[in-house]
Amino acid sequence: MCLFQFQSVMNYFPEEVLEHVFDFLTSHRDRNTVSLVCKSWYSVERFSREKVFIGNCYAVNPERLIARFPRLRSLTLKGKPHFADFNLVPDGWGGHVYPWIEAMAKSGINLEELKLKRMVVSDESLELLAKSFPNFKSLVLVSCEGFTTVGLAAIASNCRFLRELDLQENEVDDLKGKWLSCFPESCTSLVSLNFACLKGEVNVVALERLVARCPNLRSLRLNHTVPLEVLQKILVRAPQLSDLGTGSFTHDPDSETFIKLKNAMKNCHSIRSLSGFLDVNGRCLPAIYPICISLTSLNLSYAPGIFSNELIKLICHCKKIERLWILDTIGDKGLGVVANTCKELQELRVFPSDLYGVGNTAVTEEGLVAISAGCPKLNSILYFCQQMTNAALITVAKNCPNFIRFRLCTLDPIVPDAVTNQPLDEGFGAIVQSCKRLTRLSVSGLLTDQVFLYIGMYAEQLEMLSIAFAGDSDKGMLYVLNGCKKLKKLEIRDSPFGNMALLSDMGKYETMRSLWMSSCEVTLGGCKTLAEKMPWLNVEIINEHEAGEGEGEASCDDRHRVEKMYLYRTLVGPRKDAPDFVWTL
Amino acid sequence: MLSHLNLEATELRLGLPGSIDDVPSNNKRPSPEDHQTPPAPKAQIVGWPPVKSYRKSTAAAKNEEAESGMYVKVSMDGAPYLRKIDIRLYNGYSHLLTALEDMFKLSIGEYSEREGYKGSEYAPAYEDKDGDLMLVGDVPWEMFMSSCKRLRIMRGADARGLASAQ
């Protein structure tokens, strides 16, 4: 049956049936697609949608969101561009959540869940959130900033049905307040509590009591100030935990406390995910061996205190691991052990341990090849390494055609093939050619325009591409823009791409979420042209040095190279909260 | 017998892995000359390697703790170079000895008051405030931390002499 006939049959169904059918569509992409079919489907869909995902908070505004989705219950918002993670976006750029919370509160939205990434969250926002939504259940903040423990206290005190408070890698001003004690005795609904990123001490007695009265608690991640004695007591009260982040894991392994901890651990049959170990004594690690066999997720990337031989001993117990995040202290040899042991491994992230000195502990291409050969289910990798070769990448591509995410980062951004001294074009070319389902790619090392020819030709499913210090000319960027039909996010730094590439297919940017270019060759004139021709794009120039001078003489020269440009499609025109140093053309 | 010392770890090299013969000219990258200098502290490229600032600040905090530590030199008989460790990082003798075993790739074994480190060809010793050479493990850990000026891992006959003298 063709779509017309199908559609007219569907239109004889009452709206409740349509709505019921749409209930089965959980992915926001599917719901977006469905809403484009016809007016009546659009209407049914918008009144029934409860979960909304907004990948760029400046692409729409709160008013439009609320107008379209009055039954909104769960909102995900992302703010700053990805390169903000690496200090490329100055403070004060934007991404404030307050207007969203304010608008939803005023409109009587029954908000239950809020998930934010790279946004600025003030204490006032948290206070308003806590007081405005009586059914609020879940707050997840990832890589956010701007709040203190005062805001957290407001959430703890006021959200009577809070199930989830998950703080991941946020920069929080810890005013050493008593936020944890603010959970009232009546709060028994917690399922997930993650405060690992907080730097200050918490009231451990309050913590133990909170754990004791929340029987549904499944996920608990402590910060480094919670000592091992307290962990032991918590585990005794909450043996049902499935996800644990330890606080401090250091103690005298011969002590009675430690023996009690070992016993408590043995009783935790449900733990599948483990992290923490910010402070660790390697001799305490055997306490976790009994749970290692059931672990599916292990994050030791914040534990530089675990020596490589202890790490290897630990890994030998982790036969069911699917997700592993570690430091490069594991070494190529350790990765060999992972390859032999972790046959269920799907995602591996190897982070650099030596960020400030002369690295000599890093991993090389050998470790990556070993993993690719030993782990047949591997589909996602982030790998920081000292060196790489084309031969290794070609082997990896052959061994692992199933990569969805492939991010390679050489510690020296333009290091060539360690054996042949050639650019790494052929290696990455093999990856994109072999991995037909690749959606995310980060390249590094010495790279010419050739690698982009390959990417444009083969990376048909690619949605996000990160480029740094690569390419020779505009041709490189053109290959990507012309070839990658599904591209959504492109971020480029320190590469010789200029106006010719930027302006060749301006319509392309309306099919993408955003484009970031910094320290490239694009000029002010080029950006102005683009902004003029494309009203549905915000073309923002970040001018850190010019701040305060307004549109001064030098900065108005169209031939002037632009230091940082961020453009994105939007329905709502230039944003009104841009600071002085951001100029929307 | 020195093969297990893993000297590659501290081998001095000029230049980073790979040479720069075939680098095509390009005006957007750090200059090729950088490859010929000895491994200096990493060039200050903003935002490289691309590690989240949260992760960097956690690592920095660890480094700071380390900087205010109690560093002592550790020598091993027969090794060409010394190491330095921060004894504040360890919370007891067993922790310290494990670390030394890992660092020097050797086995020191169990301490006993009567026999020292019998059974191992190594004995960990330290120089105290008075300049005397003492066997590690005799005094309470806190006392050791405050009196230890320097560590020395002794081998062979000297080690046995020290152990049996206790």
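Reading the values: rules and limits
- Residues numbered from 1 in each chain as written.
- Chains lettered and ligands numbered in written order.
- Predicted model: local features only at pLDDT ≥ 70, side-chain atom pairs only at ≥ 80, totals over all residues.
- Heavy atoms only, no water.
- UniProt positions renumbered as here; feature names shortened; annotations may be inferred.
- Helix = DSSP H or I, 4+ residues; strand = E, 2+ residues; numbered from the N terminus.
- Buried < 20%, exposed > 50% of the residue type's maximum accessible area, 1.4 Å probe, protein only.
- Contact = heavy atoms within 4.5 Å.
- Core = buried A, V, L, I, M, F, W, Y, C linked by side-chain atoms within 4.5 Å.
- pLDDT = per-residue confidence, 0-100.
- Patch = residues over 30% accessible without salt bridge, like charges linked within 9 Å, V, L, I, M, F, W, Y side chains within 5 Å.
- Areas by Shrake-Rupley, 256 points an atom, 1.4 Å probe, with all protein chains shown as cover.
- Salt bridge = Lys/Arg side-chain N within 4 Å of Asp/Glu carboxyl O.

Looking up chain B in an unreviewed UniProt entry gives the name Auxin-responsive protein, with the organism given as Salvia splendens. As stated in UniProt under Sequence similarities (unreviewed entry), the record for chain B gives "Belongs to the Aux/IAA family." Per UniProt, the comment on chain B under Function (unreviewed entry) is "Aux/IAA proteins are short-lived transcriptional factors that function as repressors of early auxin response genes at low auxin concentrations."

For chain A, an unreviewed UniProt entry supplies the name F-box domain-containing protein and the organism Salvia splendens. On record in UniProt, under Subcellular location (unreviewed entry), the comment for chain A is "Nucleus". Turning to chain A, the UniProt record has this under Pathway (unreviewed entry): "Protein modification; protein ubiquitination."

Draft legend 1. Structural detail: the overall build of chain B. For chain B, the helix and strand inventory stands at four helices and five strands. In chain B, buried positions account for 39% of the 166 residues. A separation of at least 24 residues holds for 49% of the contacts in chain B among residues at least 6 apart in sequence.

Draft legend 2. Local environment of the nonpolar core. Counting 184 residues, the largest nonpolar core has F249, F406, I455 and L515 of chain A as the members making the most contacts within it. When near neighbours in sequence (up to four residues on either side) are disregarded, I455 of chain A contacts V432, L441, V443, L462, L465, V480 and C484 of chain A. By size, the runner-up hydrophobic cluster in this structure holds 27 residues, among which are A79, Y117, M145 and I153 of chain B.

Draft legend 3. Representation of the confidence of the model for chain B. Residue and element names in this part refer to chain B. Summarising the model, chain B shows a mean pLDDT of 71, and 62% of its residues fall at 70 or more. Long-range and interchain partners of residues 18-42, a stretch whose pLDDT sits below 50, account for 55 contacts in this model, where long-range means more than four residues apart. This prediction of the complex comes with two scores: 0.80 for pTM and 0.86 for ipTM.

Draft legend 4. Quick look at the UniProt feature "domain: F-box" (unreviewed entry) in chain A. The sites that carry the UniProt feature "domain: F-box" (unreviewed entry) are, in the present numbering, residues 13-54 of chain A. The annotated region residues 13-54 of chain A carries 62% helix and 10% strand content, and the separation between its end C-alpha atoms amounts to 31 Å.

Draft legend 5. View of the environment of R160 of chain A. Checked against the element boundaries, R160 of chain A lands in the loop between α8 (149-158) and β6 (164-168). Placed 35 residues apart in sequence, R160 of chain A and F195 of chain A show a C-alpha to C-alpha distance of 19 Å.

Draft legend 6. Quick peek at the environment of E366 of chain A. Examined against the element boundaries, E366 of chain A turns out to sit in helix α15 (residues 365-374). Between the C-alpha atom of E366 of chain A and that of L335 of chain A, which follows or precedes it by 31 residues, the distance is 8.7 Å.

Draft legend 7. How the structure looks around the side chain of S192 of chain A. As for its placement among the helices and strands, S192 of chain A is situated in strand β8 (residues 192-194). Those residues in contact with S192 of chain A that sit more than four places away from it in its chain are R163, E164, L165, L217 and S219 of chain A.

Draft legend 8. How the structure looks around a nonpolar patch on the surface. Together, F13, V17 and V21 of chain A make up an exposed nonpolar region whose accessible area comes to about 220 Å². When you line up the elements, V17 of chain A lands in helix α2 (residues 15-23).

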